[in-house]
Amino acid sequence: MAYCRTMSILFTDGIEASQIGGKELFLDVHELGAGNVKASDVVGVHQKDSCVQKKYGVNFIQYWVDEKDGVVMCLSEAPDSDAVIKTHKEAHGLIPKSIEEVKQGQ
């Protein structure tokens, strides 16, 4: 299992998927509360997203989990932020606290 440090918080990496390209990138944040999420639980939720994502034109690329603070972040390609929200809602009902369009750095 890989780890990365972001804003002095330890996140657990999920399995990275390939980018398809041609769509915008979005980062959505789920705040589930301190101690309320484990990386192993997020694997199952991510699989549910993967089963629904094509319906809305979404491609989930990567996710990160902060077990201590109960935060999950998902990076995806999508036509718009609404498509990401619809995918999460249909797959498992967990709506992100926030979602932002992001640009890939050079």
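One can find the structure itself at the top, above this paragraph.
What comes next is a walk through the structure. Residue numbers here run from 1 along each chain, matching the order of that chain's written sequence. Local features in this predicted model are restricted to residues whose pLDDT is 70 or higher, and side-chain atom pairs enter the listing and the counts only when it is 80 or higher, whereas totals over whole chains, interfaces and linings include all residues. Processing note: side-chain calculations cover all non-hydrogen atoms of the structure and skip hydrogens and water entirely.

1. What about the overall build of the chain?
And step 1. From N to C terminus, the chain includes two helices and six strands.
And step 2. The buried label goes to any residue with under 20% of its type's maximum accessible area, the exposed label to any with over 50%, and the partly exposed label to all in between, with areas taken from a 1.4 Å probe on protein chains only. Counting all 106 residues of the chain, 39% fall into the buried class.
And step 3. Throughout, a residue-residue contact means that at least one pair of heavy atoms, one from each residue, lies within 4.5 Å. A sequence separation of at least 24 residues applies to 71% of the contacts in the chain between residues at least 6 apart.
And step 4. For the accessible areas, the method is Shrake-Rupley and the probe is 1.4 Å, while residue cover comes only from the protein chains on display. Surface accessibility of the chain: about 6400 Å² in total, with carbon and sulfur atoms responsible for 52%. Secondary structure elements are defined from DSSP: runs of H or I of at least 4 residues count as helices, runs of E of at least 2 residues count as strands, and each element is numbered from the N terminus.

2. What about the nonpolar core?
And step 1. In terms of nonpolar packing, the biggest core is built from 14 residues, with Val42, Val58, Val65, Val72, Ala78 and Val84 touching the most fellow members.
And step 2. Taken together, the elements giving at least two residues each to this core come down to α1 (39-52), β4 (59-66), β5 (71-78) and α2 (81-91).
And step 3. When sequence neighbours within four positions are dropped, the list of residues in contact with Ala78 reads Lys23, Glu24, Phe26, Gly57, Val58, Ala83 and Val84.
And step 4. By size, the runner-up hydrophobic cluster in this structure holds seven residues, among which are Val29, Ile61, Val71 and Leu75. Side-chain atoms within 4.5 Å link the members of a nonpolar core, which is a set of buried Ala, Val, Leu, Ile, Met, Phe, Trp, Tyr and Cys residues.

3. Side note on α1
And step 1. Over its 14 residues, α1 runs 20 Å from end to end, which matches the ideal 20 Å to within 8%, given 1.5 Å per residue.
And step 2. Every buried residue belonging to α1 is among Ala39, Val42, His46, Asp49 and Val52, and all of these are buried. In a view along the axis of α1, the buried residues occupy a sector of 115 degrees, so they form one face of it. Opposite the packed face of α1, turned more than 90 degrees from it, sit the exposed residues Ser40 and Cys51. A helix is expected to reach a length of 1.5 Å times the quantity of its residues less one. The directions from the helix axis to the C-beta atoms are what the arc is built from.

4. Some words on the pattern of salt bridges
A side chain with one charge may pair with a side chain of the opposite charge, provided their charged atoms come close.
And step 1. Any Lys or Arg side-chain nitrogen located within 4 Å of an Asp or Glu carboxyl oxygen qualifies as a salt bridge. Counted by the stated rule, this structure contains four salt bridges.
And step 2. In this structure, Lys55 engages Glu90 in a salt bridge whose closest nitrogen and oxygen atoms are separated by 3.0 Å. On the criterion of sequence distance, the pair formed by Lys55 in the loop between α1 and β4 and Glu90 in helix α2 is long-range, its members being 35 residues apart.
And step 3. Linked by salt bridges that have partners in common, Glu24, Glu101 and Lys103 make up one network.

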